[in-house]
Amino acid sequence: MLRNPRTLLLAFALALLAAMPALAAAEPALSAAAPVRIMPLGDSITAGTGCWRAKLWHQLQASGHMAIDFVGGVSDGGGCNPGYSYDFDHEGHGGFSATGIADNNQLPAWLAAARPDIVMMHLGTNDMWGGYIPLATKLAAFTKLVGQMRTANPTMKIIVAQIIPMSAAACATCPADVVALNTAIPGWAAGLTTAQSPIVVADLWTGYDAVADNVDGVHPNDTGYQKMAAGWYPVLTGVLGGTTPPTTPPTTVPTTPPTTPPAGACAATYRMISQWGGGFQGEVTVRNDSAAPTTAWTATATFPDAQQITQTWNATATQNGSVVTARNADYNGSLASGGSTTFGFVASWNGSNRAPAVACTLR
């Protein structure tokens, strides 16, 4: 029996409307952007005593870098116990050396399993013992590891640390060998960096005391962990933010001589760590020159060229016009007589970047 065409059209429309919720339910939801995968790569300083990772993770989360994932085939299981949550994963292997990892081709399997977007490499400490591995061999190992990273991921972002110092008491030949490696790293990185896969240097050596900041002249104590996290933070956030500084060797700027303090005063010294187009990283050392210990300090830096602070660590800082006022953090306000501490910052500049006048007071 023939039906009215209008009736057929109405029935089809009603059937289509009834099916729409089911079609909508079947359509997959849009997924959030995948987190950036970051591999901390190193030896026992990254692994068993790697609590700098916990501090760095906490600092990143507190500053809004939430879409990150530390990756690697090793977990510390929360052993740092810092009192806050952090990502346990890493690729730190106690006793391993850069030359050993390269010679034994161990890195490719680690990379295949972890699939990092960024590698943070602090390697070389175990290549120092005895002083028998030539600097050229260490750098050749670094070069091979970089090649393996790029084979795994052609757009790998690579951060290479100028490693923390070792004390002469732990190894007589090591302090000078660490300096030689760290001095060579910026030029080596500049020779290998590419726009697709940049290599950026993180200075973890400057301001780090091999005795006061290590438990045994080699492995960090809590102060050392904090300094390591502070050294990684501005470089990693630059990479995460897409504002990676140029990987040519940083501009060397002479340290401004410290102001000679009166007896019982505080001495402040400024040093530029590195500079790139529109930005730079600086550091201020605060020293207690009084005869008595202090429980707190305040430092000021007066910039002559309208520089603007954008990030600070190891201090709480505010800026009013050209004057930055920095106050100690909870953990570095107490200074023994003759003791010192440092705080660092990242700032912007335009046109000229003369050094600030710095001063400090004790409380």
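Per chain, residues are indexed from 1 in the order of the written sequence. A pLDDT threshold of at least 70 governs which residues receive local features in this predicted model, and a stricter bar of 80 or more applies before side-chain atom pairs are shown or counted, although totals over entire chains, interfaces and linings include all residues. Only hydrogens and water are set aside when side-chain values are computed; all heavy atoms of the structure are taken into account.

Draft legend 1. Quick peek at the environment of aspartate 89. Going along the chain from the N terminus, every DSSP run of H or I of four or more residues is numbered as a helix, and every run of E of two or more is numbered as a strand. Summarising the element assignment, aspartate 89 is placed in strand 4 (residues 89-92). Through-space distance from the C-alpha of aspartate 89 to that of alanine 114 is 9.7 Å; in sequence the pair is 25 residues apart. When checking whether two residues touch, look at their non-hydrogen atoms; a contact exists if any pair is within 4.5 Å. Setting aside anything within four residues of it in sequence, one finds aspartate 89 in contact with Pro40, Arg53, Phe70, Val71, Gly72, Val74 and Ser75.

Draft legend 2. Summary view of empty space enclosed by the protein. In the cavity and pocket records, a cavity denotes points on a 1 Å grid over the protein atoms alone where a 1.4 Å probe fits but cannot get out, a pocket denotes an open set with protein on both sides within 12 Å along at least 5 of 7 lines, and lining residues are residues with an atom within 4 Å of a point. Grid points are joined across faces, edges and corners, and a volume is the space filled by probe spheres set on the points. Counted under the stated rule, the structure contains two cavities of 30 Å³ or more. Lining the largest cavity are 18 residues; nearest its centre among them are Asp203, Thr206, Lys227, Glu283 and Trp313. Broken down by secondary-structure element, the contributors of at least two residues to the lining of the largest cavity are helix 7 (222-240), strand 9 (279-288) and strand 14 (340-348). With four residues, the single largest contributor to the lining of the largest cavity is helix 7. Think of it as three bins: nonpolar holds Ala, Val, Leu, Ile, Met, Phe, Trp, Tyr, Cys and Pro, charged holds Asp, Glu, Lys and Arg, and polar takes everything else, Gly as well. For the lining of the largest cavity, the residue count by class is seven nonpolar, eight polar and three charged. For the second largest cavity, the calculated volume is near 30 Å³. Residue lining of the second largest cavity: Ala301, Phe303, Ile309, Thr312, Ala317, Val324, Phe343 and Phe345, and that is the complete set. Elements represented by at least two residues in the lining of the second largest cavity include exactly strand 11 (308-313) and strand 14.

Draft legend 3. Focus on the side chain of asparagine 353. Here asparagine 353 lies in the loop between strand 14 and strand 15 (357-362). Within 3.5 Å is the distance limit for a polar contact, defined as a pair of N or O atoms, with the added protein rule that one can donate a hydrogen and the other accept it, and that residues adjacent in sequence qualify only through two side-chain atoms. A polar contact of 2.9 Å, which involves the side chain of asparagine 353, links it to the side chain of glutamine 307. Those residues in contact with asparagine 353, other than ones at most four positions away along the chain, are Met272, Gln275, Phe280, Asp305 and Gln307.

Draft legend 4. Geometry of the sheet that holds strand 13 (residues 323-328). Pairing between strands is defined by DSSP: at least two bridges between them are needed. Pairing is antiparallel in the open sheet, where four strands are placed in the order 12-13-10-15. Every interior strand has two partners, whereas the edge strands, strand 12 (315-320) and strand 15, have only one. Neighbouring strand axes in the sheet, compared pairwise and without regard to direction, differ in orientation by 20° on average. In this sheet, strand 13 lies alongside strand 12 in antiparallel orientation, the contact comprising six bridges. Across the sheet, the residue bridging to glutamine 319 is valine 324, located in strand 13. Axis geometry follows a simple rule: fit a line to the C-alpha atoms, using only the stretch in contact for helices, then measure angles between N-to-C directions, giving values from 0 to 180 degrees.

Draft legend 5. Region of the structure containing the sheet that holds strand 8 (residues 266-276). Here four strands make up an open sheet; going across it, the order is 8-9-14-11 and the pairing antiparallel. Only two strands of the sheet have a single neighbouring strand rather than two, namely strand 8 and strand 11. Within this sheet the neighbouring strands show an average axis-to-axis angle of 25°, counted without direction. Relative to strand 9, strand 8 runs antiparallel, the two being bridged by ten bridges. Bridge assignment links tyrosine 270 to a residue of strand 9, and that residue is valine 284. Across the sheet, helix 7 lies against strand 9, strand 11 and strand 14, angled at about 135° from strand 11, the strand it touches most.

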